[in-house]
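Letter by letter, the chains look like this.
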Amino acid sequence: AREQGVPVRANKREKLDQLAPDMRHQGVIAYVAPVAYASLDDVFACAEEKGEPPLLLLLDEIEDPHNFGALLRTADAAGVHGVLVPERRSCALTATVAKTSAGAVEHVPVVRIGNIVQEMKRLKDRGLWLVGADMAGEHDLFHADLTGPLVIVIGNEGKGLGRLVKETCDFLVQIPMQGAINSLNASVAGALLLYEAKRARLLGKA
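The following paragraphs examine the structure supplied in this document. (Residues numbered from 1 in each chain as written. Predicted model: local features only at pLDDT ≥ 70, side-chain atom pairs only at ≥ 80, totals over all residues. Heavy atoms only, no water.)

1. So, the layout of surface pockets
Right, on to step 1. Its boundaries defined by the atoms lining it, the largest pocket holds a volume of some 1,200 Å³.
Right, on to step 2. Every residue lining the largest pocket is counted, 33 residues in all, and those nearest its centre are R9, L19, I29, Y31 and A92.
Right, on to step 3. Mapped by element, the contributors of at least two residues to the lining of the largest pocket are α1 (13-19), β2 (82-86) and α4 (95-100).
Right, on to step 4. Among the elements that make up the lining of the largest pocket, the one with the highest residue count is α1 (three residues). (1 Å grid on protein atoms, 1.4 Å probe; cavity = no way out; pocket = protein on both sides within 12 Å on 5 of 7 lines; lining within 4 Å. Points joined across faces, edges and corners; volume = space filled by probe spheres on them. Helix = DSSP H or I, 4+ residues; strand = E, 2+ residues; numbered from the N terminus.)

This is the structure we're talking about:
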C-alpha cells in the first residue's frame, strides 16, 4: 500500500471492530473514496477558468464525517474552488461524507495533502492569504478582509486549529459570540466564514 502511495494508519482492534461491526475484518480495513481526489493544479485551473481569485477551504484534522460532508455542501454553495484535507488524522472521503454532502462531493474538488504547514507555506508562495477561524482572532468576522486569493482554515472539532497551523496563518478571525456558549460547530463556523467571503466578493470589498 505504501509503495502505491496509499496512506496506512495503525489502529487498535477495538477501533477496527467499531468501524466494521459484525464483520470478520482480520485486522485490515480499506477505505475507497466515492470520488477521485483532485490536484491543486486542478483547483487553480478551475478558478482561472471562471476568472475568479482562488477561494479554498483547508480542514485541519476534521474527524467527523458529518461535519466534513456539511462543509463540502456549503463549499459548493459558496463557490469554493477546492477543499484541502491532510492525509493523516483527518476524515477520509467516505460514503457517509458523500451522503451528508447531498451530492456536493461530486462537484467540489477535494485535494489530499501531506504536511499541512508545509502546504500552507506553498500556498503563500502562490500568492494566497491564509485566514484561520479562532476564538482569539485579532479581527472579527465582519471586519476582516476576505477578498482576493484566500484560504479559509477550519480546525478540529475539539481542539480547534493546531499551534503551528495557527502560527502559519496570515491572520485569525473570530466569530462574535454573545450567548453562554463560546464556540460553534466546525461546519457552522466554516459556513459563516465562507459566506462572509462570498459577500465580500459579491460587493467587491471587505
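So, next bit.
2. Notes on the pairing of strand β4 (residues 129-133)
Right, on to step 1. Judged by how many residues are buried, β4 sits mostly within the fold: four of five residues are covered.
Right, on to step 2. Inspection of the sheet shows β4 paired to strand β6 (residues 150-154) by four bridges, in the parallel sense. By the bridge assignment, V131 is partnered in β6 with I152. (Buried < 20%, exposed > 50% of the residue type's maximum accessible area, 1.4 Å probe, protein only. Pairing = 2+ DSSP bridges.)

3. Examining unusual backbone geometry
Right, on to step 1. Backbone geometry at Q26 places phi at a positive 55 degrees, although glycine is not the residue there.
Right, on to step 2. Examined against the element boundaries, Q26 turns out to sit in the loop between α1 and α2 (40-50).
Right, on to step 3. Among the residues examined, Q26 registers a relative accessible area of 72% and is labelled exposed.
Right, on to step 4. The phi dihedral of E61 falls on the positive side, at around 65 degrees, and the residue is not glycine.
Right, on to step 5. Looking at where E61 falls in the secondary structure, it is placed in the loop between β1 (55-59) and α3 (65-78).
Right, on to step 6. Looking at E61, the relative accessible area reads 14%, which means it is buried.

4. Focus: the side chain of E61
Right, on to step 1. Among the polar contacts made by the side chain of E61, one reaches the side chain of K159 at a distance of 3.1 Å.
Right, on to step 2. Not counting residues up to four positions away in its chain, the partners in contact with E61 are P86, R89, S90, N156, E157 and K159. (Polar contact = N/O pair within 3.5 Å; in protein donor to acceptor, adjacent residues only side chain to side chain. Contact = heavy atoms within 4.5 Å.)

5. A word on the sheet that holds β1
Right, on to step 1. In space, the seven strands of this open sheet follow the order β3-β2-β1-β6-β4-β7-β5, with parallel pairing throughout. The open sheet has two edge strands, β3 (110-113) and β5 (139-140), and neither has a second partner.
Right, on to step 2. As paired strands, β1 and β2 are joined by three bridges and run parallel to one another. Bridge pairing in β2 links L57 to V83.
Right, on to step 3. Relative to the sheet, helix α7 (residues 186-203) contacts β1, β4 and β6, its axis offset from that of β6 by approximately 165 degrees. (Axes fitted to C-alpha atoms, helices over the stretch in contact; angles between N-to-C directions.)

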